[in-house]
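# Overview (structure and organization)
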Amino acid sequence: ALAVSSADCAALFQDLVRRLAEILDVDAAVISVFKEGDPARMTTLAAWLDGKPLENFEYELAKTPCGAVVGQVSRFVGTGVHAEFAPGTALSAMGFDSYAAHSLMSSTGEQMGIVVALDRAALADQALTEALLKIFSARAAAEIERTRAEQSYREILDAAEDAIFVHDWDTG
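A brief look at the structure comes next. Just so you know, these numbers come straight off a predicted model, no measurement behind them.

### Points about the overall build of the protein chain
Of the regular secondary structure elements, the protein chain holds three helices and seven strands. In the protein chain, the order of α-helices and β-strands from amino to carboxyl end is α-β-β-β-β-β-α-β-β-α. Residues classed as buried in the protein chain amount to 40% of the 172 residues present. In the protein chain, the proportion of contacts linking residues at least 24 apart, taken out of those at least 6 apart, comes to 50%. Of the roughly 9,800 Å² of accessible surface on the protein chain, a fraction of 55% belongs to carbon and sulfur atoms.

In structure tokens:
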């Protein structure tokens with residue numbers, strides 16, 4: 001429970017991928033969302049590889065096993081995923097053998113992105129892996145929606161030409 005209860009919003013996504021990788025004992029964990037205006041690409045919100053955080057990056061869905069998660073709730077490949085990475089890419093060179101992902105779903109049922117766990121060895125416990133991905137994806141999705149709602153309110157307030165007063169009924 002503590003792994004998904006961080007209150008520090010700035011570091012939440014990085015904390016989630018770190019803890020997911022540690023709990024599942026995998027080489028990598030990633031939280032990605034669809035790139036705005038280009039649903040064929042993903043943008044990472046956080047990535048963890050070999051015990052260290054990575055800078056955020058973009059990638060094409062078609063050249064990764066993530067492409068098969070689009071429109072799906074989850075995916076588990078216990079072994080043999082390496083062939084799904086485009087040859088000559090950094091992800092291919094890392095030698096991942098197993099892959100598990102769960103979709104980041106909005107409260108309206110829209111797929112916003114995915115949470116992924118990758119390992120160079122086989123993933124043995126499918127039930128545990130899928131259960132943890134589901135928990136972590138629910139937390140990440142809630143934070144994405146909260147952040148987007150906050151951004152929307154800020155844009156409304158910034159665009160307002162008149163003063164906006166917040167009135168509390170109890171205090172007058």
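### Details of the pattern of salt bridges
A complete count under the given rule lists twelve salt bridges for this structure. Arg18 is paired through a salt bridge with Glu22; the nearest N and O atoms lie 3.3 Å apart. Of the two residues, Arg18 and Glu22 are both situated in helix 1 (residues 12-24); the distance of four residues between them amounts to about one turn of the helix. Through salt bridges with shared partners, a single network forms among Lys35, Arg41, Glu58, Glu60 and Lys63.

### With respect to helix 1
In this model helix 1 runs 18 Å from its N-terminal to its C-terminal C-alpha over 13 residues, within 8% of the 18 Å that 1.5 Å per residue would give. If you check which residues of helix 1 are buried, you get Leu12, Phe13, Asp15, Leu16, Val17, Leu20, Ala21 and Leu24. Looking one or two places after helix 1, you find Asp25, whose phi comes out positive at around 55°.

### Regarding the pairing of strand 6 (residues 98-105)
Counting buried positions along strand 6 yields seven of eight residues, so the element is predominantly enclosed. Pairing of strand 6 with strand 7 (residues 111-119) involves eight bridges; the strand directions are antiparallel. Its bridge partner lying in strand 7, Ala101 is registered against Val116. The hairpin formed by strand 6 and strand 7 contains five residues between the paired strands, and Gly109 there has a positive phi angle of roughly 90°.

### So, the packing of aromatic side chains
Applying the stated criterion across every chain, the model contains two aromatic pairs. Measuring from centroid to centroid gives 6.0 Å for Phe57 and Tyr59, while their planes differ by 45°, and the two rings are tilted. Using a relative accessible area of 27% as the deciding quantity, one classes Phe57 as partly exposed. Taking 6.3 Å as the distance between ring centres and 45° as the angle between the ring planes, the aromatic pair formed by Phe85 and Phe96 counts as tilted. Of this pair, Phe85 sits in the loop between strand 5 (74-77) and helix 2 (90-93) while Phe96 is found in the loop between helix 2 and strand 6, placing the two residues eleven residues apart along the sequence. The pair Phe85 / Phe96 is uniform in exposure class, with both members buried.

### Here we look at the nonpolar core
Counting 26 residues, the largest nonpolar core has Phe13, Leu16, Leu20, Ile31 and Leu104 as its most contacted members. Sorting the residues of this core by element identifies helix 1, strand 1 (28-35), strand 2 (38-49), strand 6, strand 7 and helix 3 (126-159) as the ones contributing at least two each. When residues in this core are grouped by element, the largest group, seven residues, is from helix 1. Formed by 19 residues, the second largest nonpolar core is a distinct cluster that contains Ala28, Ala47, Val81 and Phe85.

### Details of the side chain of Thr64
Mapped onto the elements of the fold, Thr64 is located in the loop between strand 4 (58-60) and strand 5. Given a relative accessible area of 9%, Thr64 falls into the buried group. Residues within four places of Thr64 in sequence aside, it is in contact with Tyr59, Glu84, Phe85 and Leu91.

Thresholds, definitions, all that
- Residues numbered from 1 in each chain as written.
- Predicted model: local features only at pLDDT ≥ 70, side-chain atom pairs only at ≥ 80, totals over all residues.
- Heavy atoms only, no water.
- Helix = DSSP H or I, 4+ residues; strand = E, 2+ residues; numbered from the N terminus.
- Buried < 20%, exposed > 50% of the residue type's maximum accessible area, 1.4 Å probe, protein only.
- Contact = heavy atoms within 4.5 Å.
- Areas by Shrake-Rupley, 256 points an atom, 1.4 Å probe, with all protein chains shown as cover.
- Salt bridge = Lys/Arg side-chain N within 4 Å of Asp/Glu carboxyl O.
- Expected span 1.5 Å × (residues − 1).
- Pairing = 2+ DSSP bridges.
- Phe/Tyr/Trp six-rings, centres within 6.5 Å; stacked < 30°, edge-to-face > 60°.
- Core = buried A, V, L, I, M, F, W, Y, C linked by side-chain atoms within 4.5 Å.

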